[in-house]
Amino acid sequence: MIRLGVLVSGRGSNLQAIVDAIKAGRLKAQISVVISDNPNAYAIKRCEKEGIECKVVERKDFSSRKEFEKELSRILKEKGVELVVLAGFMRVLSGEFLKNFPDRVINIHPSLIPAFQGLDAQRRAVEFGVKFSGCTVHIVDESVDGGPVIVQAVVPVLPQDTPESLSERILKWEHKILPQAIQWFSEGRVKLEGRKVIVEGARYGELPVNPALEIFPCFR
Ligand code: GRF
C-alpha cells in the first residue's frame, strides 16, 4: 500500500476526500503523516478526529526556507513516505526539496492549468469571463502550478457565478480527481514521458474528466 505524506495549510477538504476514499475502500493507500505549516489549519482538527498523525512545521521557526524544507523532508523520509500530496499547501517548494522525491510530489490546483496558475484561480477565472474552468492534478516541478498534468476535470462557468459558487463547483471534482490520481500512483500506472504524463491503461477522451475516473462514478 502506497504511503502518503499530505501537506496542508488550511481547511483540508481535499485531505478529507483522501481519507474518505481510503475508508470507502476506493483508494488503496495509507496516510503516514500530515504536515501543516499553519498551526490554525482546520485540517489539523480533521486529523485529530480521524486518528491521523499530524505535525505542525512553521516556516517562522526556521532561519531559512532551506532549513524549513529540510525538516519537511526529514519527517517525510522518517515516515517512509512514497508520494507527497500537496492538498492546499500554500508554499512553493524548491528544486532541492523536490529532488528528494523525484516525480513523486503532486498538487491539486483549481483551474485548468496553464490557465490561472497561482493564487485566487477561481476569482480570476470569473473575472476573466472564461466559459469553462476546472481543476488539475499535476506533478510538482519548480514552476508555480506548471508541472506535468496527470488529470483534469472541466466545469462550466455560469454568468451568475461568483468566485465562491465556481469554487464550490470545482471543489466537488477536486475531491474525485485527487484520490483517483493517488490510486493511479498506487497501482504504478503513472508514467512520465518528457513532460507528458501517461496513465497506463486509462480511458482517454471523455468528458468531464480526462483520463476518465475509475474509482468514482463520473456523474454524481
Ligand atoms: C483547493 O481549492 C485546492 O485546489 C487549492 O487549495 C484549496 C485547498 O482546499 N490548492 P482544502 O484545504 O483542500 O479544502
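Calculation criteria
Residues numbered from 1 in each chain as written. Predicted model: local features only at pLDDT ≥ 70, side-chain atom pairs only at ≥ 80, totals over all residues. Heavy atoms only, no water. Phe/Tyr/Trp six-rings, centres within 6.5 Å; stacked < 30°, edge-to-face > 60°. Buried < 20%, exposed > 50% of the residue type's maximum accessible area, 1.4 Å probe, protein only. Helix = DSSP H or I, 4+ residues; strand = E, 2+ residues; numbered from the N terminus. Domains from an automatic or database assignment. Contact = heavy atoms within 4.5 Å. Buried area = accessible area lost by both parts, 1.4 Å probe. Salt bridge = Lys/Arg side-chain N within 4 Å of Asp/Glu carboxyl O. Pairing = 2+ DSSP bridges. Axes fitted to C-alpha atoms, helices over the stretch in contact; angles between N-to-C directions. Near = heavy atom within 4 Å. Polar contact = N/O pair within 3.5 Å; in protein donor to acceptor, adjacent residues only side chain to side chain. 1 Å grid on protein atoms, 1.4 Å probe; cavity = no way out; pocket = protein on both sides within 12 Å on 5 of 7 lines; lining within 4 Å. Sits in = over half its atoms within 2 Å of the grid points. Nonpolar A, V, L, I, M, F, W, Y, C, P; charged D, E, K, R; others polar. Arc of directions from axis to C-beta.

1. What to know about the packing of aromatic side chains
Two aromatic rings, taken as a pair, are described by how far apart their centres are and by the angle between their planes. Overall, the coordinates contain three aromatic pairs when judged by the stated rule. Arranged with centres 5.6 Å apart and planes meeting at 40°, the rings of Phe97 and Phe101 form a pair that is tilted. A residue is classified by how much of its surface remains accessible, and Phe97, at 2% relative accessible area, is buried. Residue Phe101 is classed as buried on the basis of its relative accessible area, which comes to 4%. Between the aromatic rings of Phe116 and Phe128, the centroid separation amounts to 6.0 Å while the plane-to-plane angle is 70°, which identifies the pairing as edge-to-face. Pair noted here: Phe116 is in the loop between strand E5 (105-109) and helix H5 (121-128) and Phe128 is in helix H5, with a separation of 12 residues, a long-range link.

2. Thoughts on the domain arrangement of the protein chain
Per the domain assignment, the segments making up the protein chain are domain 1 (1-102) and domain 2 (108-220). The straight-line distance from the C-alpha centre of domain 1 to that of domain 2 is 20 Å. Contacts between domain 1 and domain 2 engage 22 residues on the former and 19 residues on the latter. Surface buried jointly by domain 1 and domain 2 totals about 1,600 Å² across both partners, of which 70% is contributed by carbon and sulfur atoms. Inspection of the region where domain 1 meets domain 2 yields zero salt bridges.

3. Notes on the sheet that holds strand E1 (residues 2-8)
Judged by pairing direction, the sheet is mixed, and its eight strands sit side by side in the order E3-E2-E1-E4-E5-E6-E7-E10 without closing on themselves. Lying at the two open borders of the sheet, with one neighbouring strand each, are strand E3 (54-56) and strand E10 (209-210). Across seven bridges, the pairing between E1 and strand E2 (residues 29-36) is parallel. The residue bridging Leu7 from the neighbouring strand is Ile35, located in E2. Of the strands in this sheet, E1, E2, strand E4 (83-86) and E5 touch helix H1 (residues 13-23), which is tilted by about 160° from E2. This element, helix H2 (residues 42-50), spans E1, E2 and E3 of the sheet and lies at about 150° to E3.

4. Concerning the site of the ligand
If you check the shell around the ligand, you find Arg11, Gly12, Ser13, Asn14, Gly88, Ile108, His109, Pro110, Gln122 and Glu174 and nothing else. Arg11 places a side-chain nitrogen or oxygen 2.5 Å from an oxygen atom of the ligand. Between the ligand and the protein, one listed contact pairs a nitrogen atom with a backbone N or O atom of Ile108 at 3.0 Å. In this structure the site holding the ligand corresponds to the largest pocket. Those elements that place two or more of their residues in the shell around the ligand are H1 and E5. Residue composition of the shell around the ligand, grouped by class: two nonpolar, six polar and two charged. A domain split of the shell around the ligand shows at least three residues from each of domain 1 (1-102) and domain 2 (108-220).

5. Quick look at H5
Spacing of three or four residues puts side chains on the same side of an α-helix, whose turn is 3.6 residues. Here H5 has its buried residues at Ala121, Gln122 and Ala125. Each buried residue of H5 sits inside an arc of 95° when the element is viewed along its axis, so together they form one side. Contacts from the buried residues of H5 go to E5, strand E6 (132-139) and helix H6 (163-186). Where H5 ends, the next residue or the one after it, Gly129, has phi of about 90°, a positive value.

6. Some details on the pairing of E5
E5 sits mainly inside the fold: five of its five residues count as buried. Because side chains alternate across E5, one face comprises the buried residues Val105, Asn107 and His109, and the other comprises Ile106 and Ile108, equally buried. In terms of strand pairing, E4 meets E5 through three bridges, oriented parallel. Within the sheet, the bridge partner assigned to Leu86 lies in E5 and is Asn107. The pairing of E5 with E6 spans four bridges and is classified as antiparallel.

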